[in-house]
Amino acid sequence: AVGSKLGDLADLSGVVGDVGAIVGSSIRDVELALIANSGYWSPVELCYKYMYFLHSTVELPWVGAVALGTLFIRAMLSPLNVEQMRMAERMSVAK
């Protein structure tokens, strides 16, 4: 009886190893699918689509897409940053 149980455990170890390999290799794909296809608008989904657009269209590696995307967004928001600094200076003078 004990020998048959040990044989069953040996059979399960192969299955568990296969499942572990599948889960380990596909967990990133599952996470990206959940983010990209969440079914509603979210800031995470918007950022993912923006970075994926840069990655696939400009054919940059992911690191390059993040760097270029960050620089572009900061350049687009710089007029708002300048205005905010002006308003903060006016508020400090007014006090």
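Residues numbered from 1 in each chain as written. Predicted model: local features only at pLDDT ≥ 70, side-chain atom pairs only at ≥ 80, totals over all residues. Heavy atoms only, no water.

Draft legend 1. Spatial organisation of the packing of aromatic side chains. Counted by the stated rule, this structure contains two aromatic pairs. Considering the side-chain rings of Tyr48 and Tyr52, the 6.0 Å spacing of their centres and the 25 degrees angle between planes classify their relative orientation as stacked. Here the residue Tyr48 and the residue Tyr52 both occupy positions in helix α2 (residues 43-57), the gap between them amounting to four residues, near one helical turn. Overall, the relative accessible area of 19% leaves Tyr48 in the buried class. (Phe/Tyr/Trp six-rings, centres within 6.5 Å; stacked < 30°, edge-to-face > 60°. Helix = DSSP H or I, 4+ residues; strand = E, 2+ residues; numbered from the N terminus. Buried < 20%, exposed > 50% of the residue type's maximum accessible area, 1.4 Å probe, protein only.)

Draft legend 2. A nonpolar patch on the surface, seen in detail. Taken together, the side chains of Phe72, Ile73, Met76, Leu77 and Leu80 make up a nonpolar region of the molecular surface, amounting to roughly 500 Å² of accessible area. Relative to the helices and strands, Leu80 is located in helix α3 (residues 62-94). Since its relative accessible area comes to 58%, Leu80 is described here as exposed. (Patch = residues over 30% accessible without salt bridge, like charges linked within 9 Å, V, L, I, M, F, W, Y side chains within 5 Å. Areas by Shrake-Rupley, 256 points an atom, 1.4 Å probe, with all protein chains shown as cover. Salt bridge = Lys/Arg side-chain N within 4 Å of Asp/Glu carboxyl O.)

Draft legend 3. Just the pattern of salt bridges, in detail. According to the stated counting rule, one finds one salt bridge in the structure shown. Across the pair Glu83 and Arg86 runs a salt bridge whose closest N-O atoms are separated by 4.0 Å. Here Glu83 and its partner Arg86 are both found in helix α3, three residues apart, which amounts to about one turn of the helix. When its relative accessible area of 47% is taken as the criterion, Arg86 is described as partly exposed.

Remember that the coordinates give geometry; whether it matters functionally is a separate question.
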